[in-house]
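# Examining the three-dimensional arrangement
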Amino acid sequence: MKAPPERYGYVATLNYARDGQPDALSVVDLDPNSPTCGQIVNALELPYVGDELHHFGWNACSSALCPFAPHPHLERRYLIVPGMRSSRIYIIDTKPDPLRPRIAKVIEPQEVMEKSGYSRPHTVHCGPDAIYVSALGPADGRDGPGGVFLLDHFSFDVIGPWELQRGDQELAYDFWWHLADDVMVSSEWAKPHQFENGIVAEDLLANKYGHRLHFWDLRKRRLSQTLDVGAQNQMLLELRPAHDPSRTYGFAGVVVSTEDLTASIWTWYKENGQWKMKKIVTIPPVPADEADLPPLLKGFKAVPPLITDIDLSLDDKYLYVACWGTGELHQYDVSDPFKPALTGKVEIGGIVARKGHAKSNGALLGGPQMVEISRDGRRVYFTNSLYSTWDDQFYPDKLKGWMVKADVTAGGGIALDPDFFIDFGDSRPHQVRLEGGDASTDSFCYPG
């Protein structure tokens, strides 16, 4: 947290137009002393079309310093960038010039599928023994289970699937861990046919999307316990465990309840040797005129918050919650993980509100989506695109891509930076990674 502030960031940028042009990894200037701060200063175009860049991560983080790590001399240099639609993985070198990254290796879909048994790679985390990648579906893309596979730290070869005994776990999405306790935690989204062409309303109303949290023995690679937050709580997605390894709790976000359109935040924790979960935040929908709603929501006459991302500051004090539907970013003080206090909120975009920005012209589509916090906790960056087909269902007027920054007030509170607005035009930005590492990337083995 005391390291120098980030000077630039990398943004996964989807070429939504599908006009024969590829996706790109955009480099944005974040240095307030630079004349190009708040601008895209470079974009690495990928060699193939249709990858659909989504989540990505660094090859190395603080987990490489764990006492049992076989690779303690890794350098945070490479970005592991999967194409979620193509199942292709790019290894991108940020040296010698971090503003002009280059492709060091391409892992083709056939290799990913043959060696891992999975497809649709999603979340990337550096672990102490390998690079871990979650995948949302089996190699054939049908009804088999999603899971986690491994890449070698140095060669980036696909090692194979991680699980040895998965029990009844079938759906996959995010994952993280409590390294000091040898515990992995994983969440659930959907099968490929339930998200690639957009949300399947019939499946959602039938509660067929994910709603369980899985706890694994990280060393033995076996499922230990599963918790269900209730079938009505659809799409239990983003996971953020406490960064302090002496704390065995974390936070999970539920996108929507099919009972009342609320969204919710849950705390998982350990008690008497068993994992438990407790709902700590409920965010209600906002009533709206049917004429202002996309077809998917007209019958409900309300805008659901749609929690699509959460992020926890490195000191475990503030949890940021992206409400993509209503166009709000909430800041909660979670010093007590069971009694959160709402300490700040910014509004931008939103399905109905469409609130603008001081540096943009007119209404904005999309809303706070992927969130990244600076290591010192003073700046919060976020983008507005979820996933191409879902963007079009909830924002059928064809959203334009943007990225903004919120500044954090000492003692709590956030405010949009009126001078920071990056216009991506027809391209759609998703996840952001920062120079030096991120609050949503690093795993620690020693308490601060």
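Placed above this text is the structure.
The structure presented is a predicted model; accordingly, all values stated were derived computationally and were not measured.

## With respect to the overall build of the protein
Tallying secondary structure elements over the protein gives three helices and 30 strands in all. By principal-axis analysis of the C-alpha atoms, the protein measures approximately 55 × 50 × 45 Å. Put simply, the protein has 448 residues, and 62% of those count as buried. Of all intrachain contacts in the protein linking residues separated by at least 6 positions in sequence, the fraction that spans at least 24 positions is 57%. Split by element, the accessible area of the protein, about 16,500 Å² in all, is 49% carbon and sulfur.

## Focus on the side chain of Arg375
With respect to the element layout, Arg375 can be found in the loop between β26 (371-373) and β27 (379-383). Polar contacts involving the side chain of Arg375 include one to the main-chain carbonyl oxygen of Glu435, which spans 2.6 Å. If near-sequence neighbours (up to four positions away) are discounted, Arg375 is found in contact with Met1, Ala3, Pro4, Pro5, Glu6, Leu314, Glu435, Gly436 and Gly437.

## Some words on the nonpolar core
Soluble, globular proteins show a tendency: their nonpolar side chains are buried together. Within the largest apolar cluster, 29 residues are counted, with the highest numbers of intra-cluster contacts made by Trp189, Phe195, Tyr209, Met235, Ile351, Trp390 and Phe394. Of all the secondary structure elements, the ones that give two or more residues to this core are β16 (233-241), β17 (249-257), β21 (302-303) and α3 (388-394). Each residue touching Trp189, except ones within four places of it in the same chain, is listed here: Met84, Leu136, Leu171, Ala172, Tyr173, Phe195, Tyr209, Gly210, Met235, Leu237 and Trp390. One finds Ile348, Val380, Val404 and Ala439 within the second-largest nonpolar core, a separate group that totals 19 residues.

## Overview of the sheet that holds strand β28 (residues 401-408)
Reading across from one edge, β26-β27-β28-β29 is the order of the four strands in this open sheet, with antiparallel pairing throughout. Each having just a single partner strand, β26 and β29 (414-425) make up the two edges of the open sheet. Each strand axis lies, on average, 20° off the axis of its neighbour in the sheet, ignoring direction. Pairing geometry for β28 and β29, over seven bridges, is antiparallel. By the bridge assignment, Val404 is partnered in β29 with Phe421.

## Considerations on the environment of Trp268
Residue placement: Trp268 occurs in strand β18 (residues 263-271). Placed 131 residues apart in sequence, Trp268 and Leu399 show a C-alpha to C-alpha distance of 35 Å.

## Some details on the pattern of salt bridges
Per the stated rule, a full pass over the model turns up 38 salt bridges. Note that Arg240 is salt-bridged to Asp311, the shortest N-O span being 3.6 Å. Note that Arg240 is positioned in strand β16 and Asp311 in strand β22 (residues 307-312), a separation of 71 residues in sequence. Like Arg240, the residue Asp311 is buried in the burial classification. Linked by salt bridges that have partners in common, Asp174, Glu238, Arg240, Asp309 and Asp311 make up one network.

## Regarding the packing of aromatic side chains
Taken as a whole, this structure holds 20 aromatic pairs when the rule is applied. Measuring from ring centre to ring centre gives 6.0 Å for Tyr10 and Trp58, while their planes differ by 80°; the resulting arrangement is edge-to-face. Remark: Trp58 occurs in strand β4 (residues 57-58) and Tyr10 occurs in strand β1 (residues 8-14); sequence separation between them is 48 residues. Here the aromatic rings of Trp189 and Tyr387 are separated by 6.3 Å at their centres, their planes lie at 90°, and the arrangement is edge-to-face. Placement of the pair is Trp189 in the loop between β13 (183-186) and α2 (201-205) and Tyr387 in the loop between β27 and α3, with a sequence separation of 198 residues. Residue Trp189 is classed as buried on the basis of its relative accessible area, which comes to 5%. Put simply, the rings of Tyr173, Trp189, Phe195, Tyr387 and Trp390 pair up and form one aromatic cluster. Note that Arg88 overlies the ring of Tyr48, its terminal NZ or CZ placed 3.8 Å from the centroid.

## A closer look at helix α1 (residues 109-116)
Residues of α1 that are buried include every one of Pro109, Val112 and Ser116, and no others. Angular distribution of buried residues about the axis of α1 spans 70°; they occupy a single face of the element. Looking at α1, the residues exposed on the side facing more than 90 degrees away from the buried face are Gln110 and Glu114. Its buried side turned inward, α1 meets β6 (89-93), β7 (102-107), β8 (118-126), β10 (147-151) and β11 (158-161). Following α1 by one or two positions, Gly117 adopts a phi angle in the positive range, close to 80°.

## A few points about the state of the cysteines
In the structure shown here, the tally under the stated rule is one disulfide. The disulfide partner of Cys66 is Cys445, and the gap between their sulfur atoms is 1.6 Å. Since a negative S-S torsion denotes a left-handed disulfide, the Cys66-Cys445 link at about 65° is right-handed. You can see Cys66 sitting in the loop between β4 and β5 (78-82) and its partner Cys445 sitting in the segment after β30 (428-434), a full 379 residues away along the chain. Grouping residues by exposure puts Cys66 and Cys445 together as buried. Cysteine Cys61 remains unbridged, with the sulfur of Cys126 as its closest cysteine sulfur at 4.3 Å.

## What about the sheet that holds β11?
By definition, the strands of a sheet pair up through backbone hydrogen bonds, in either a parallel or an antiparallel sense. Read across the open sheet, the four strands follow the order β8-β9-β10-β11; overall the sheet is antiparallel. Taken across any chain shown, the strands that pair with only one partner, and hence form the sheet edges, are β8 and β11. Strand-to-strand twist in this sheet, taken as the mean axis angle between neighbours without regard to direction, amounts to 30°. Relative to strand β9 (residues 131-138), β8 runs antiparallel, the two sharing six bridges. Its bridge partner lying in β9, Pro121 is registered against Ala135.

Calculation notes
Residues numbered from 1 in each chain as written. Predicted model: local features only at pLDDT ≥ 70, side-chain atom pairs only at ≥ 80, totals over all residues. Heavy atoms only, no water. Helix = DSSP H or I, 4+ residues; strand = E, 2+ residues; numbered from the N terminus. Buried < 20%, exposed > 50% of the residue type's maximum accessible area, 1.4 Å probe, protein only. Contact = heavy atoms within 4.5 Å. Areas by Shrake-Rupley, 256 points an atom, 1.4 Å probe, with all protein chains shown as cover. Polar contact = N/O pair within 3.5 Å; in protein donor to acceptor, adjacent residues only side chain to side chain. Core = buried A, V, L, I, M, F, W, Y, C linked by side-chain atoms within 4.5 Å. Pairing = 2+ DSSP bridges. Axes fitted to C-alpha atoms, helices over the stretch in contact; angles between N-to-C directions. Salt bridge = Lys/Arg side-chain N within 4 Å of Asp/Glu carboxyl O. Phe/Tyr/Trp six-rings, centres within 6.5 Å; stacked < 30°, edge-to-face > 60°. Lys NZ or Arg CZ within 6 Å of the ring centre and 35° of its normal. Arc of directions from axis to C-beta. Disulfide = S-S within 2.5 Å.

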